[in-house]
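Read off the chains here:
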Amino acid sequence: MPSFRVATPAHGYDATIERGVLRRAAEFVPPRAGTVFVVTTEDVWRLHGAKLAGALAGRAIRVLYFPGGEDRKRMAEVEALADQMIAAGGDRTSIVVAFGGGIVTDLGGFLAAIFMRGIPVVQIPTTLLAQVDAAVGGKTGANLVSGKNLIGAFHQPLAVLIDPDVTATLPDREYRAGLYEIIKCGVIRDRALFGVFETERDRIAERAHDVLEHIIAAAVRIKAEVVSEDERESDLRRILNFGHTIGHTLEAETSYVRFLHGEAVAFGMIAAAKLAVTAAGFPEAECARLCGLVNSYGPIPSLDGIRSQRLFARLASDKKTLKGKVHFVLPTEIGVVKVISGVAEEAVLEAIEWALNNCATA
Ligand SMILES: NC(=O)c1ccc[n+]([C@@H]2O[C@H](COP(=O)([O-])OP(=O)(O)OC[C@H]3O[C@@H](n4cnc5c(N)ncnc54)[C@H](O)[C@@H]3O)[C@@H](O)[C@H]2O)c1
Ligand SMILES: [Zn+2]
């Protein structure tokens, strides 16, 4: 049962990775807490709700359904959920359990952050992406018409419960999208994890329990370490954005509908690998190795009609731009990255163009 401590100035908590931990959920909800508001989506509740409801039997629990979807990850939904909590007698002693994918963990966490100026949240992520990324680290939020995740709060959970078994019901694309984020962790900080993706490709694709638990734990350990050292993304936390700077431009260019976040990150990692050859001394052979690995977990949807110039133009408006300069997280070798700014525009454009031609697509 691997469990990793996230130590932030606000408070410390554990992210526990354990098959069947869902059945032990009650152990992570303080006995003195009042009503337990489970924020979830109907699909997740239908698939896995019985286990959680069984675990919390005997507690005052209320299930609040959120419609799901990026277009509903909005303040209006947070307000509607808060009103439902009040109607059901929610107060300062209440607690939120966010039970779903990254949209639910972000929105449920945000709800907890602002309900009566803040009540605790227990995160129970159910997509691979949310397990290794969204639910750990305390970033919560919602979208604005102007852009994604532009409002939110840091609200560290009481605990994060990661049950690898729930990922068995994920559609293949969602599963693979999560794998790309774990590959990212290998590139930025864990060469051995990267190696596991190379040697265990088939077993990972089949979701073999032992290897799945191993890669989830490795990724959560990295996220926990990075967040513990740097909660608010001043410096170190930025390394988690490897593949995201260019990946975001692809998501935005296609209005967040053609690619899943993780798929856009796969594209971004391929572009960043190429850029690293020019701008960070990343060996050409390692670039080929990284791109080969990412592509072996593909394909991602078609890139038809995407123009490199248009992706490039979007870089400047990315939220991660600092004082007008784009910062790239680039590997110098597999397992080691650095943050580099002031990269020549032609090199960036060339890397995007290269990724458009070298990504395995459907
Ligand atoms: N806070 C952070 O640090 C952070 C980091 C990364 C991503 N995010 C956010 O996460 C969101 C994306 O999360 P996501 O990729 O999990 O998408 P998602 O929450 O939309 O989930 C994907 C789909 O899978 C369904 N689902 C969830 N669990 C399932 C299961 N076990 N079996 C079958 N279906 C299941 C969901 O209902 C949904 O339809 C984005 O909004 C992004 O901004 C946040
Ligand atoms: Zn991501």
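Given the structure is predicted, the values throughout are model-derived calculations rather than measurements.

The rules behind the values
Each residue is numbered by its place in its chain's sequence as written, counting from 1. Written order decides the labels, with chains lettered from A and ligands numbered from 1. Where totals are concerned, whole chains, interfaces and linings use all residues; where local detail is concerned, this predicted model gives features only for residues with pLDDT of at least 70, and gives and counts side-chain atom pairs only at 80 or more. Processing note: side-chain calculations cover all non-hydrogen atoms of the structure and skip hydrogens and water entirely. Coordinating donors are taken to be N, O and S atoms lying within 2.8 Å of the metal, or within 3.2 Å when the metal is Na, K or Ca; because water is excluded from the atom set, some sites may appear incomplete. In DSSP terms, a helix is any run of H or I states spanning at least four residues, a strand is any run of E spanning at least two, and both are numbered starting from the N terminus. In this scheme, a residue with accessible area under 20% of its type's maximum is buried, one over 50% is exposed, and one in between is partly exposed, where area comes from a 1.4 Å probe on protein chains only. Pairing between two strands requires that DSSP report at least two bridges joining them. Consider each residue's heavy atoms; a residue with any of them within 4 Å of a molecule or strand counts as near. Pairs of N or O atoms are called polar contacts if they sit within 3.5 Å, as long as, within protein, a hydrogen donor faces a hydrogen acceptor (for residues adjacent in sequence, only side-chain-to-side-chain pairs). Each residue is assigned to one of three groups, with Ala, Val, Leu, Ile, Met, Phe, Trp, Tyr, Cys and Pro labelled nonpolar, Asp, Glu, Lys and Arg labelled charged, and all others, Gly among them, labelled polar. Domain start and stop points were drawn from an automatic or database domain assignment. We call two residues in contact when some of their heavy atoms are within 4.5 Å. Accessible area that two parts lose when put together, with a 1.4 Å probe and added across both, is what the buried area reports. Here, a salt bridge means any side-chain nitrogen of Lys or Arg that lies within 4 Å of a carboxyl oxygen of Asp or Glu.

**Observations regarding the coordination of the zinc ion (ligand 2)**
Taken together, the protein donors to the zinc ion (ligand 2) comprise Glu-181 (OE), His-244 (NE2) and His-261 (NE2), at separations of 2.0 to 2.1 Å. Each donor residue of the zinc ion (ligand 2) lies on one chain, and together they are spaced E-x62-H-x16-H. Here Glu-181 is found in helix 5 (residues 172–189), whereas its partner His-244 is found in helix 9 (residues 244–253), with 63 residues between them in sequence. Considered together, Glu-181 and His-244 belong to a single accessibility category, that of buried residues.

**A word on the pairing of strand 1 (residues 3–7)**
Burial along strand 1 is one-sided: the face carrying Phe-4 and Val-6 is buried and the face carrying Ser-3, Arg-5 and Ala-7 is not. Looking at chain direction, strand 1 and strand 2 (residues 12–17) are connected through five bridges and run antiparallel. From the neighbouring strand, Arg-5 faces strand 2, where its bridge partner is Asp-14. Two successive antiparallel strands, strand 1 and strand 2, enclose a turn made up of four residues.

**Concerning unusual backbone geometry**
A cis amide bond links Gly-298 with the next residue in sequence, Pro-299, at an omega value of 5°. Looking at the element boundaries, Pro-299 is found in the loop between helix 11 (284–296) and helix 12 (308–315). With a phi angle near 55°, Asn-149 is a residue other than glycine that sits in the positive phi range. Locating Asn-149 in the fold gives a position in strand 8 (residues 147–154). Given the relative accessible area of 31%, Asn-149 is considered partly exposed.

**Details of the site of ligand 1**
Surrounding ligand 1, one finds 24 residues, the nearest of these being Asp-43, Gly-102, Thr-126, Thr-127 and Thr-169. Between ligand 1 and Asp-106, the relevant distance is 2.9 Å, taken from a nitrogen atom to a side-chain nitrogen or oxygen of the residue. The element best represented in the shell around ligand 1 is helix 1 (residues 42–55), accounting for four residues. Residues belonging to the shell around ligand 1 are distributed by class as follows: seven nonpolar, eight polar and nine charged.

**Side note on the environment of Asp-202**
Looking at the secondary structure, you find Asp-202 in helix 7 (residues 201–205). Residue classification places Asp-202 among the exposed positions, given a relative accessible area of 51%. Each C-alpha atom, one on Asp-202 and one on Tyr-297, is 9.6 Å from the other, the two residues being 95 residues apart in sequence. A distance of 3.2 Å separates polar atoms of two side chains, one belonging to Asp-202 and the other to Arg-201.

**Some remarks on the domain arrangement of the chain**
Looking at the assigned domains, one finds that the chain contains domain 1 (3–169) and domain 2 (172–358). Here domain 1 and domain 2 have C-alpha centroids that lie 27 Å from each other. The interface of domain 1 with domain 2 comprises 28 residues on the first partner and 28 residues on the second. Carbon and sulfur atoms make up 66% of the area that domain 1 and domain 2 hide from each other, which totals about 2500 Å². The largest share of the area that domain 1 buries against domain 2 comes from Leu-128, Val-132 and Phe-154, three residues that together contribute 24% of it. The interface formed by domain 1 and domain 2 contains one salt bridge. Where Lys-223 meets Asp-133, a salt bridge forms, and the shortest distance between an N and an O atom there is 2.8 Å. Inspection of the region where domain 1 meets domain 2 yields seven residue pairs in polar contact (both at pLDDT 80 or more).

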